[in-house]
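Coordinate inspection notes
The residues making up each chain are set out below.
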Amino acid sequence: MLFERAKAVFPGGVNSPARALKHLPTPLVAKAASGPYLYTDRGRLVDFCLAFGAIILGHAHPKVRRAVEEQLARGWIYALLTEEEVLFAEKIRAHVPSVEKMRFVNSGTEATMNAVRLARGFTGRDYIIKFDGNFHGSHDYVLVKAGSGAATWGIPTSAGIPSDVVKMTVVVPYNDVDAFVKAVREVGDRLAAVIVEPIAGNYGLILPEVEFLKALREETERVGALLIFDEVITGFRVGLGGAQGLYGVVPDLTTLGKVIGGGFPIGVFGGKSFIMDLVAPQGPVYNAGTFNAHPVSIAAGLAVLEELEGGQVYSVANDAARRMAEGIRDLAERVGFDVVVKHIASMFQFYFKKGDVKTPQDVRESNEKLYLKLHELAIGHGVYLAPSQFEVNFTSAAHTAEVVEEALGALEKVFRELRREVGGNS
Ligand code: PLP
């Protein structure tokens, strides 16, 4: 069996933990993907995971494919400056004006790692604040979890992280202005940066209070620290201007990834010119990479951006997410489950609970077992939802009204089956 062979060569049988899908007997095995569909060892599935948000046009979009093929015909790596990467950067800057200058790297993880390093280099300070439930990739500065107090000083979420590194990362509850202001006061003039997901998409979907985002801007300015918006998920997904465009709160540094690589590896960190000019070779903050600004990722990204500028993508994808959110709310109610559904642009998530979801604590209080059972049943009916209530569902321009109809028809059976198996949570 493939999984047995995989376990023999990969820890846990996979190359990234979220692919293990531990609630299933074996992980899904992908064979192909096209439009809204994944083709797997369990058959064709309507994909609402979309490579954890990396895909917004739909899988194997012909324009992205053509752009990549054209690039391949000219060779695929030079490790030299190219015209295309300049054009791509100019387009990004035009849509996200706070990103005056940028550096292309290979992943969201690299982007946030370098943004934090740059903030520390710029301010000459060491401490950062991050938020409970926000995820910024898998490097030491940010793999820090919340404890039980309002602000927690450095508890690593992974073995192998030196305590001296994480003691400089303070974790504060998301959407809690008072706790944040208090933490800023405690850290004082040691604070280099605050890093935040302006819409939280790694603990389910948690929408920000605008007052919270404004407080981040005001407090960082007051103490001379930088504000980093991690828009690896939201950048070019919630609109061409990202979450900062949506809420009108402008950070000093921004990180991008996922959507902007069109399904190929990419990360971007950027911001005001006078800060970015500290990056090597112009300045003393080091970053380098053999694969930085990889021509294939740049070609794919440019093709995606051109489609996004066309305007139809967002209306189809956003419509699909709205219909899915409404449809799931309606189905759950009819079948007798209490669910909370959250949605914005082309993202949605639902939780088996009463009340509302405004904080990571609210997500922790929902019934994860029910979500995972439903996820498993949905695969049996041809739908691949986000594989945990702590992830987010995404839609794309390929999720037309017919595809949404197909998915909701399948989910109706799934909710009924779930009801028969567990009897509901009301
Ligand atoms: N930042 C955010 C908000 C993310 O959601 C992720 C990945 O899920 C990352 C950073 C890390 O990006 P990557 O997986 O490309 O390293």
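This text goes with the structure placed above it.
Presented here is a report on the structure given in the accompanying data block. (Residues numbered from 1 in each chain as written. Predicted model: local features only at pLDDT ≥ 70, side-chain atom pairs only at ≥ 80, totals over all residues. Heavy atoms only, no water.)

As for its placement among the helices and strands, Arg 103 is situated in strand 4 (residues 101–105). Summary of buried charges: Arg 103 has no salt-bridge partner, and the nearest side chain of opposite charge, Glu 85, is 7.9 Å away. Looking at Arg 103, its side chain comes within polar contact range of the main-chain oxygen of Ala 280, at 2.7 Å. A polar contact is formed between the side chain of Arg 103 and the side chain of Asn 287, at a distance of 2.9 Å. When neighbours within four sequence positions are excluded, Arg 103 is seen to be in contact with Gly 267, Val 268, Phe 269, Met 276, Val 279, Ala 280, Pro 281, Asn 287 and Asn 292. (Helix = DSSP H or I, 4+ residues; strand = E, 2+ residues; numbered from the N terminus. Buried < 20%, exposed > 50% of the residue type's maximum accessible area, 1.4 Å probe, protein only. Lys, Arg positive; Asp, Glu negative; His and termini not counted. Salt bridge = Lys/Arg side-chain N within 4 Å of Asp/Glu carboxyl O. Polar contact = N/O pair within 3.5 Å; in protein donor to acceptor, adjacent residues only side chain to side chain. Contact = heavy atoms within 4.5 Å.)

Further remarks concern the sheet that holds strand 17 (residues 393–394). Strands sit in the order 14-15-17 across an open sheet of three strands; the sheet is antiparallel. Whereas interior strands pair on both sides, the edge strands pair on one side only; in this sheet they are strand 14 (339–344) and strand 17. When strand 14 meets strand 15 (residues 347–352), the two strands line up antiparallel, connected through six bridges. Bridge pairing links Lys 342 to Gln 349 in strand 15. Lying over the sheet, helix 12 (residues 312–335) contacts strand 14 and strand 15, oriented at roughly 175° with respect to strand 14. (Pairing = 2+ DSSP bridges. Axes fitted to C-alpha atoms, helices over the stretch in contact; angles between N-to-C directions.)

Turning next to the nonpolar core. Of all hydrophobic cores here, the largest spans 44 residues; its most connected members are Ile 129, Phe 131, Phe 180 and Leu 216. A per-element tally of this core places helix 7 (residues 177–187) first, with six residues. Residue contributions to this core reach at least three from each of two domains, namely domain 1 (2–60 + 311–422) and domain 2 (76–308). Not counting residues within four places of it along the chain, the set of residues in contact with Phe 180 comprises Ile 129, Phe 131, Val 172, Val 194, Ala 215, Leu 216 and Glu 219. Counting residues in each nonpolar core, the second largest holds 35 residues, with Val 335, Phe 337, Phe 350 and Leu 408 among its members. (Core = buried A, V, L, I, M, F, W, Y, C linked by side-chain atoms within 4.5 Å. Domains from an automatic or database assignment.)

Another aspect to go through is the site of the ligand. Every residue close to the ligand is listed here: Ser 107, Gly 108, Thr 109, Phe 135, His 136, Gly 137, Glu 197, Asn 202, Asp 230, Val 232, Ile 233 and Lys 258. Here an oxygen atom of the ligand sits 2.8 Å away from a polar atom, N or O, in the main chain of Gly 108. For the ligand, an oxygen atom lies 2.8 Å from a polar atom in the side chain of Asn 202. For the ligand, the protein covers 81% of the area, taking 390 Å² as the surface of the free molecule. When grouped by side-chain class, the residues that make up the shell around the ligand number three nonpolar, six polar and three charged. (Near = heavy atom within 4 Å. Areas by Shrake-Rupley, 256 points an atom, 1.4 Å probe, with all protein chains shown as cover. Nonpolar A, V, L, I, M, F, W, Y, C, P; charged D, E, K, R; others polar.)

For the rest of this paragraph, the subject is the environment of Pro 25. As for its placement among the helices and strands, Pro 25 is situated in the loop between helix 1 (2–9) and strand 1 (30–34). According to the relative accessible area criterion, Pro 25 is exposed, its value standing at 67%. C-alpha of Pro 25 to C-alpha of Glu 376: the two residues are 351 residues apart in sequence and 9.7 Å apart in space.

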